[in-house]
Amino acid sequence: MNFWPHYDSDELAGVQQVLASKRVNYWNGAEGRCFEREFTAAMGRP
């Protein structure tokens, strides 16, 4: 049975990598800021 949401193995591995780094917040990690930059660029926003 296929439930929603469905995550591919590369998506799960990415989340696991961030969690394992123990750098999961804005104080000691860069993933949130990196995501924001990439997302706004993809949306054509500054």
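Details of the structure are given in the entry above.
Just so you know, these numbers come straight off a predicted model, no measurement behind them.

A. View of helix α2 (residues 31-42). Here α2 spans 16 Å end to end across 12 residues, near enough to the 16 Å set by a 1.5 Å rise per residue. Once α2 finishes, G44 follows within two positions and takes phi at roughly 75°, a positive value.

B. Structural view of the packing of aromatic side chains. With the rule as written, the count across this model stands at one aromatic pair. On the numbers, 5.6 Å between centres and 25° between planes, the contact of F35 with F39 is stacked. With F35 and F39 both in helix α2 and four residues apart, the pair spans about one turn of that helix. Looking at F35, the relative accessible area reads 52%, which means it is exposed. Assessed through its relative accessible area of 43%, F39 is described here as partly exposed.

C. The arrangement of helix α1 (residues 9-21) in detail. Across its 13 residues, α1 extends 18 Å between first and last C-alpha, which sits within 8% of the 18 Å expected from 1.5 Å per residue. Summarising burial for α1: zero of the 13 residues are buried, a small minority. Once α1 finishes, K22 follows within two positions and takes phi at roughly 60°, a positive value.

Procedures and definitions
- Position numbers for residues count from 1 along each chain, tracking the sequence in the order it is written.
- Given that the model is predicted, a residue must reach a pLDDT of at least 70 before its local features are reported, and side-chain atom pairs must reach 80 or more before they are shown or counted; all residues, however, enter totals for whole chains, interfaces and linings.
- Side-chain calculation: all heavy atoms of the structure are included, whereas hydrogens and water are not.
- Strands here are runs of E lasting at least two residues and helices are runs of H or I lasting at least four, both read from the DSSP assignment and numbered beginning at the N terminus.
- Here the expected span of a helix is defined as 1.5 Å times the quantity of residues minus one.
- Aromatic pairing here means that ring centres of Phe, Tyr or Trp (its six-membered ring) are within 6.5 Å. Orientation follows from the plane angle: under 30 degrees is stacked, over 60 is edge-to-face, and everything else is tilted.
- Each residue's exposure class comes from its accessible area (1.4 Å probe, protein chains only) as a fraction of the maximum for that residue type: buried when under 20%, exposed when over 50%, partly exposed otherwise.

Purely geometric numbers; function is a separate question.
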